[in-house]
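As a plain string of letters, each chain reads:
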Amino acid sequence: QVQLVESGGGLVQAGGSLRLSCAASGRTFSSYAMDWFRQAPGKEREFVAAISRSGGTTYYGDSVKGRFTISRDNAQNTVYLQMKSLKPEDTAVYYCAGTDGTSWLSSRSMDYWGKGTLVTVSS
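Undergrad: Is there a simple way to explain the sheet that holds strand β7 (residues 68-73) in this structure?
TA: Strand-to-strand pairing in sheets goes through backbone hydrogen bonds, with the strands running parallel or antiparallel. Taking strand neighbours across the sheet as the criterion, the four strands line up as β1-β3-β8-β7 in an open arrangement whose pairing is antiparallel. On the outer flanks of this sheet lie β1 (4-7) and β7, each paired with one strand and no other. This sheet shows a mean twist of 15° between the axes of neighbouring strands, independent of strand direction. Where strand β3 (residues 18-24) lies against strand β8 (residues 78-83), six bridges are found, and the strand directions are antiparallel. For A23, the partnering residue across the bridge sits in β8 and is T78.

This is how it looks when you write it as structure tokens:
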């Protein structure tokens, strides 16, 4: 069992930056591919970014490509999402999720979820 706890959300002006963290419990963090998803009010959950177990491979959703960076520190059992050039449309609850399966780019593939952290970008 893995527990995930997000932090780092808050209110930021458009053009600003935030770094989200997701701390994982357990000793097998490096066995999990990790993703970030987000859900804005009234919208479906959206894929943001994913990182492989080693951290050597990353993927990004089209809406955040070039602005967000996912990274992980397996020694610290933590995955990060650095967000730059934030836009009002980035406002959402951000969730981290993990899986030890072979498919790791879809919310349906995730085995573990955090409770989310709210990011609000003001115009």
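Undergrad: Help me understand the state of the cysteines in this model?
TA: Covalently bonding the sulfur atom of one cysteine to the sulfur atom of another cysteine gives a disulfide. In this structure the tally under the stated criterion is one disulfide. Between the sulfur of C22 and that of C96 lies a disulfide, 1.9 Å long from S to S. In this structure, the disulfide formed by C22 and C96 twists by about 45° around the S-S bond and is classed as right-handed. Remark: C96 occurs in strand β9 (residues 92-99) and C22 occurs in strand β3; sequence separation between them is 74 residues. Across the pair, exposure class does not vary: C22 and C96 are buried alike.

Undergrad: Whenever I open this one, the packing of aromatic side chains confuses me. Can you help?
TA: Each aromatic ring pair is characterised by the separation of its centres together with the angle its planes make. A complete count under the given rule lists five aromatic pairs for this structure. With a centroid separation of 6.4 Å and 80° between ring planes, the pair formed by Y95 and W113 is classed as edge-to-face. With Y95 in strand β9 and W113 in strand β10 (residues 112-113), this residue pair connects regions lying 18 residues apart in the sequence. Feature note: the residues F37, F47, Y95 and W113 constitute an aromatic cluster, connected by ring pairs. Above the plane of the ring of W113 lies R45, whose end atom (NZ or CZ) is 4.5 Å from the centre. Above the face of the F29 ring, R72 is positioned so that its terminal group lies 4.5 Å from the ring centre.

Undergrad: In this structure, what is going on with the pairing of β8? I would like to understand it.
TA: Looking along a regular strand, one sees the side chains alternate between the two faces of the sheet. Most of β8 is tucked away: five of the six residues are buried. Bridge count for β7 against β8 is six bridges, and the pairing is antiparallel. Among the inter-strand pairings, T69 is bridged to a residue of β8, identified as Q82. Count of turn residues in the β7/β8 antiparallel hairpin: four residues, of which N77 carries a positive phi of about 50°.

So, how was this worked out
- Residues numbered from 1 in each chain as written.
- Predicted model: local features only at pLDDT ≥ 70, side-chain atom pairs only at ≥ 80, totals over all residues.
- Heavy atoms only, no water.
- Pairing = 2+ DSSP bridges.
- Helix = DSSP H or I, 4+ residues; strand = E, 2+ residues; numbered from the N terminus.
- Axes fitted to C-alpha atoms, helices over the stretch in contact; angles between N-to-C directions.
- Disulfide = S-S within 2.5 Å.
- Buried < 20%, exposed > 50% of the residue type's maximum accessible area, 1.4 Å probe, protein only.
- Phe/Tyr/Trp six-rings, centres within 6.5 Å; stacked < 30°, edge-to-face > 60°.
- Lys NZ or Arg CZ within 6 Å of the ring centre and 35° of its normal.

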